[in-house]
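# Inside the fold
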Amino acid sequence: MKSINSVLIAGAGAVGLSIAESIYNSEPECISILANGERLERYQKNGLWINGQKFDFHFSHGEKADLIIVACKFHHLDKIIDDITPSVDSDTIIISLLNGISSEEIIGRRLGRQRLPLAMIIGNDPQLKDGKVTYTTKGVIHFGDSSGNNGAREESIADFFTRTGVAFKPEENMKRALWYKYMLNTGVNTVTAVLRLPYGALHNTGGGIPEARLLCEKAMREVTAVANAEGIDLNEGDIENVSKTINILNPTGYTSMCQDVLAGRKTELEMFNLTLMELAKKHNIPVPVNEVLYLQLRTIEAQARASSL
């Protein structure tokens with residue numbers, strides 16, 4: 001089993017920096033943040049801040065890495081792949097923490113599918129504002145071989161995360177776990193983004209809004225129907241588990257997609273609703289809630305573009 005001694009974080013946003021913090025606090029010499037050009041100048045000028053603390057990360061572009069953690073927005077993925085390619089060695093492992101169910105295949109087509117276990121992060125609530133990250137819960141990284149045959153690659157990741165204090169959970173059925181996260185995001189992210197509401201609106205305790213929670217559940221049920229058609233066993237128990245996960249998150253925090261809407265940025269709707277609509281069409285399954293959410297988000301994006309002109 002090869003030891004991981006150098007890690008590159010590709011995407012210095014809310015998720016990427018919250019993970020980088022854990023690694024830096026344990027083994028600061030092994031962690032680098034991908035940056036060059038204007039982005040590098042901005043990071044060096046403004047610094048990278050996490051929960052009010054400025055971190056003296058090493059910046060890298062082209063240095064070989066044992067592990068690359070991709071944590072960018074979906075619409076930045078092609079550029080990120082270009083930027084990390086010089087850092088990929090013969091045995092470099094890549095973990096993608098993008099939402100959705102397609103990023104591993106996209107990265108794998110360019111850099112080799114054998115490098116990528118399936119992975120996701122869940123139970124986290126980082127927020128990015130004015131270039132600074134805050135969080136109350138870092139979440140847990142789940143990972144595993146797409147065929148369920150975890151081996152030396154997964155053992156190396158587990159050993160490194162254990163050394164550096166990154167919360168993780170190896171999965172034997174990671175494909176199902178990834179679809180679970182996709183169901184959660186397609187419901188929770190898109191509904192909160194359209195309604196511009198924090199996590200607390202979906203809590204099933206005091207302060208929650210039953211109608212918002214019901215809308216979220218309807219969107220997720222459409223995902224479970226498509227997942228079942230794709231051979232993935234999602235069910236009502238998984239929707240109940242989403243509620244338990246949401247209940248532990250900061251009620252005043254916002255999903256990443258809602259943060260994008262509030263800031264007038266491009267969202268990741270292609271990765272969520274549009275992907276689901278395309279799969280649903282293949283199986284002749286109606287997904288009217290997600291179609292409406294998609295159209296609403298497209299309208300919100302168009303309005304934001306018009307306002308910026």
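Within each chain, residue numbers correspond to sequence positions counted from 1 in written order. The predicted nature of this model means local features are confined to residues of pLDDT at least 70 and side-chain atom pairs, given and counted, to a pLDDT of 80 or more, with totals for whole chains, interfaces and linings taken over all residues. To get the side-chain values, all heavy atoms of the structure are used, and hydrogens and water are removed first.

## A few points about the overall build of the protein chain
Where we set the bar: Helical segments are the DSSP runs of H or I of at least four residues, strand segments are the runs of E of at least two, and each set is numbered from the N terminus. In this description the radius of gyration comes from C-alpha coordinates, and the expected globular size is given by 2.2 Å times residues to the power 0.38. Only protein chains enter the area calculation, which uses a 1.4 Å probe; residues under 20% of their type maximum are buried, those over 50% are exposed, and those in between are partly exposed. Between two residues, a contact is recorded if the distance between any of their heavy atoms is within 4.5 Å. In these tables, accessible area is a Shrake-Rupley quantity obtained with a 1.4 Å probe, and a residue counts as shielded only by the protein chains included in the view. Charged-residue counts in this description rest on Lys and Arg as positive and Asp and Glu as negative, His and the chain ends being excluded. In this description, the location of a charge corresponds to atom NZ of lysine, CZ of arginine, CG of aspartate or CD of glutamate.
A count of helical and extended segments in the protein chain gives 11 helices and 12 strands. Taking 19 Å as the expected radius of gyration for a compact globule of 309 residues, we find that the protein chain reaches 19 Å, a close match to that expectation. In the protein chain, which comprises 309 residues, the proportion classed as buried is 54%. Taking contacts inside the protein chain between residues at least 6 apart in sequence as the whole, the part at least 24 apart equals 72%. Surface exposure of the protein chain reaches about 13500 Å², of which carbon and sulfur atoms provide 51%. Across the protein chain, the mean location of the 32 positive side-chain charges is 5 Å away from that of the 37 negative side-chain charges.

## Points about helix H9 (residues 256–263)
Listed in full, the buried residues belonging to H9 are Met-257, Cys-258, Gln-259, Asp-260 and Val-261. Each element contacted by the buried residues of H9 is listed here: strand E9 (127–129), helix H6 (174–195), helix H10 (270–283) and helix H11 (288–308). Phi turns positive, to about 75 degrees, at Gly-264, one or two residues after H9.

## Focus on the side chain of Asp-125
Defined as follows: Side-chain atoms alone can form a polar contact between residues adjacent in sequence; in general such a contact is a pair of N or O atoms within 3.5 Å, and within protein one must be able to donate a hydrogen while the other accepts it.
Along the chain, Asp-125 falls in the loop between strand E8 (118–122) and E9. At 3.3 Å, the side chain of Asp-125 forms a polar contact with the backbone nitrogen of Asn-250. Discounting chain neighbours no more than four positions away, the residues touching Asp-125 are Thr-134, Tyr-135, Thr-136, Thr-137, Tyr-199, Leu-249 and Asn-250.

## Let's talk about the state of the cysteines
Selection rule: Disulfides are defined as pairs of cysteine sulfur atoms found within 2.5 Å of each other.
Using the criterion set out here, one finds zero disulfides in the structure. Sulfur of Cys-258: no disulfide; nearest cysteine sulfur belongs to Cys-216 and is 13 Å away. Residue classification places Cys-258 among the buried residues on the basis of a relative accessible area of 0%.

## Concerning the packing of helix H7 (residues 210–229) against H10
Counted only if it meets this: Angles run from 0 to 180 degrees between N-to-C directions of axes, and those axes are lines fitted to C-alpha atoms, restricted for helices to the stretch in contact. Note on terminology: angles under 35 degrees are roughly parallel, angles over 145 are roughly antiparallel, angles of 65 to 115 are roughly perpendicular, and the others are oblique. In this scheme, a crossing is called left-handed if the near helix is turned counterclockwise away from the far one by less than a right angle; it is called right-handed if the turn is clockwise. The classification used treats Ala, Val, Leu, Ile, Met, Phe, Trp, Tyr, Cys and Pro as nonpolar, Asp, Glu, Lys and Arg as charged, and all other residues, Gly among them, as polar.
Where H7 meets H10, the closest approach of the two axes is 10 Å, and the angle between their N-to-C directions is 55 degrees. The orientation of H7 relative to H10 falls into the category oblique. Handedness of the H7/H10 crossing: left-handed. Two secondary-structure elements touch here, H7 through Glu-222, Val-223, Val-226 and Ala-229 and H10 through Leu-276, Leu-279, Ala-280 and His-283. Residues that form the contact of H7 with H10 fall into these classes: six nonpolar, one polar and one charged.

## Considering the side chain of Glu-270
Residue placement: Glu-270 occurs in helix H10. Apart from residues lying up to four places away in sequence, Glu-270 is in contact with Thr-275 and Arg-298.

## Looking at the pairing of strand E2 (residues 31–34)
It is a general feature of regular strands that their side chains alternate between the two faces of the sheet. Quick reminder of the rule: Convention used here: a crossover is right-handed provided that the path from the first strand, over the helix, to the second strand proceeds clockwise when the strands point away from the viewer.
Across the two faces of E2 the burial is the same, with Ile-31 and Ile-33 and Ser-32 and Leu-34 all buried. Remark: the strand E1 (residues 7–10)/helix H1 (residues 14–26)/E2 crossover connection has right-handed handedness.

## Some thoughts on the nonpolar core
Put simply, the rule reads: We define the nonpolar core as a collection of buried residues of types Ala, Val, Leu, Ile, Met, Phe, Trp, Tyr and Cys that are connected through side-chain atoms lying within 4.5 Å of one another.
The biggest cluster of nonpolar side chains holds 41 residues, and the ones touching the most others in it are Trp-179, Met-183, Val-242 and Leu-297. Every element with two or more residues in this core is listed here: H6, H7, helix H8 (236–247), H9, H10 and H11. Top element by residues in this core is H6. It accounts for nine residues. Beyond its immediate sequence surroundings of up to four residues, Leu-297 is in contact with Thr-190, Ala-193, Val-194, Met-257, Val-261, Leu-269 and Asn-273. Residues Leu-17, Leu-67, Ala-119 and Val-133 belong to the second largest nonpolar core, which totals 34 residues.

## Considering the pairing of strand E11 (residues 140–144)
Quick reminder of the rule: Paired strands are those between which DSSP finds at least two bridges.
By the criterion of burial, E11 is predominantly enclosed, with four of the five residues buried. Sheet topology note: the E8/E11 ladder contains five bridges and is antiparallel. Bridging from a neighbouring strand, Ile-121 pairs with Ile-141 of E11. As judged from the three bridges shared by E11 and strand E12 (residues 168–170), these two strands associate in the parallel manner. What sits directly across from His-142, in E12, is Lys-169. Viewed along the sheet, the connection from E11 through helix H5 (residues 152–164) into E12 turns out right-handed.

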